[in-house]
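Structure assessment
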Amino acid sequence: MTKIADIRVKTEDELNAMLLDLRREQFNLRFQRATGQAEGNARIKTVRRDIARIKTVLHSNKLKAAAAAAHS
């Protein structure tokens with residue numbers, strides 16, 4: 001599990017790369033579950049939550065940038 005403080009210090013490019021990796025992992029885990037190869041569902045839950053954390057930080061950064069541009 002990735003901590004939110006670790007996510008906030010990363011650049012947008014790093015976050016997008018992490019998001020892509022996690023989405024690929026999520027796809028593979030769903031595929032394994034569908035074919036009966038998955039051993040535990042806990043990793044699916046943590047990957048889903050990590051994706052949500054990254055998307056939240058990306059959106060927050062976008063709003064901060066828009067607010068800064070509006071005040072300039």
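Quick note: structure is the one above.
On a predicted model such as this, the values are computed, not experimentally measured, just so you know. (Residues numbered from 1 in each chain as written. Predicted model: local features only at pLDDT ≥ 70, side-chain atom pairs only at ≥ 80, totals over all residues. Heavy atoms only, no water.)

Ile 7, Leu 15, Leu 19, Leu 22, Leu 29, Ile 44, Val 47, Ile 51, Ile 54, Val 57 and Leu 58 form the largest nonpolar core, which has 11 residues in total. At the level of secondary structure, the elements contributing two or more residues to this core comprise helix H2 (12–34) and helix H3 (42–71). In terms of residue count, H3 provides more of this core than any other element does, six residues in total. If we skip the residues at most four places from it in the chain, Leu 19 touches Ile 51, Ile 54, Lys 55 and Leu 58. (Core = buried A, V, L, I, M, F, W, Y, C linked by side-chain atoms within 4.5 Å. Buried < 20%, exposed > 50% of the residue type's maximum accessible area, 1.4 Å probe, protein only. Helix = DSSP H or I, 4+ residues; strand = E, 2+ residues; numbered from the N terminus. Contact = heavy atoms within 4.5 Å.)

Moving on, we get to the pattern of salt bridges. Under the defined criterion, the tally for this structure stands at two salt bridges. The shortest N-O distance in the salt bridge between Arg 43 and Glu 25 comes to 2.7 Å. Note that Arg 43 is positioned in helix H3 and Glu 25 in helix H2, a separation of 18 residues in sequence. For Arg 53, the salt bridge goes to Asp 50, with nearest N and O atoms at 2.8 Å. Of this pair, Arg 53 and Asp 50 both sit in helix H3, separated by three residues, roughly a single helical turn. Residue Arg 53 is classed as partly exposed on the basis of its relative accessible area, which comes to 23%. Judged by its relative accessible area of 2%, Asp 50 falls in the buried class. (Salt bridge = Lys/Arg side-chain N within 4 Å of Asp/Glu carboxyl O.)

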